[in-house]
Amino acid sequence: MVVNEQMAEIVEVRPGRRLFVRKVSVGPAADTRPSFQLICIHGSVATERQFARLVKALDMTLKIRVSCLLFDSIGCGQSPPPAANGGNTISAYSNQEIRNDFRALFQRHADLSLKTVVVAHSYGPSLVLPMLQEEEQVFPYLVGVVLIGTAVKSKFLPHKDGGHPLLKLPVFILNCLQRSMTEEF
């Protein structure tokens with residue numbers, strides 16, 4: 001098997017919004033076109049690195065080539081914090097701003113001609129589901145969505161405001177917890 005890292009860098013996804021983006025392909029025959037793409041979206045205060053074991057497992061088990069798009073949301077992992085992105089700290093983390101980042105990232109770095117599976121972890125589903133409902137053409141060939149540990153708003157869930165009270169902590173405290181939380185997940 002061959003893991004081929006095509007890119008791992010901080011890129012501007014929208015004016016004033018820079019994110020760390022990693023794109024790898026896994027599976028046999030590095031020179032063949034991937035059969036599908038996997039897009040991994042982490043939750044709050046996490047990094048794209050939490051999907052490293054998944055990518056490794058895919059590489060060891062698949063008989064087909066898969067393109068994987070991983071990235072760190074603003075202020076997470078290797079992505080610069082909002083102040084370094086020239087924006088207001090509070091509004092930079094709004095769901096709409098992050099969804100706008102996702103849209104721009106997908107348009108620029110995803111292969112929209114491939115069958116697509118989206119994996120969203122923790123608070124990621126709360127960001128992805130509305131986008132998929134609002135815009136049918138985000139991924140023209142969406143074949144699967146995997147939601148892990150969601151914090152989706154629902155009248156049936158105990159946290160009606162869409163998330164665990166832990167996520168209401170100030171950002172500087174969440175930054176301190178980031179490494180241990182990522183390792184735990």
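Residues numbered from 1 in each chain as written. Predicted model: local features only at pLDDT ≥ 70, side-chain atom pairs only at ≥ 80, totals over all residues. Heavy atoms only, no water.

Here we look at the packing of helix α3 (residues 95-109) against helix α4 (residues 124-134)
α4 packs onto α3 with a crossing angle of 65° between their chain directions and a minimal axis gap of 10 Å. On the basis of their axis angle, the class for α3 and α4 is roughly perpendicular. Note on packing geometry: the crossing formed by α3 with α4 is right-handed. In this structure, α3 uses N95, I98, R99, F102, R103 and F106 to contact α4, whose residues at the interface are S126, L127, P130, M131 and E134. Each residue belonging to the contact of α3 with α4 can be placed in one class, and the counts come to six nonpolar, two polar and three charged. (Axes fitted to C-alpha atoms, helices over the stretch in contact; angles between N-to-C directions. Helix = DSSP H or I, 4+ residues; strand = E, 2+ residues; numbered from the N terminus. Parallel < 35°, antiparallel > 145°, perpendicular 65-115°, else oblique. Left-handed = near helix turned anticlockwise from the far one by under 90°. Contact = heavy atoms within 4.5 Å. Nonpolar A, V, L, I, M, F, W, Y, C, P; charged D, E, K, R; others polar.)

Things to note about the sheet that holds strand β1 (residues 4-14)
Reading across from one edge, β1-β2-β4-β3-β5-β6 is the order of the six strands in this open sheet, with mixed pairing throughout. In this open sheet, the two strands that pair with only one neighbour each are β1 and β6 (142-148). Shown here is a sheet whose adjacent strand axes are inclined to one another by a mean of 20°, direction ignored. Two strands pair when backbone bridges link them, and β1 and strand β2 (residues 17-26) are joined in this way by nine bridges, in the antiparallel orientation. Looking at the pairing, A8 lines up with R22 of β2. Against the sheet, α3 makes contact with β1, β2, β3 (36-41) and β4 (66-72), and its axis sits at roughly 130° relative to β1, the strand it touches most. Sheet strands touched by α4: β3, β5 (115-121) and β6. Its angle to β5, the strand with the most contacts, is close to 140°. (Pairing = 2+ DSSP bridges.)

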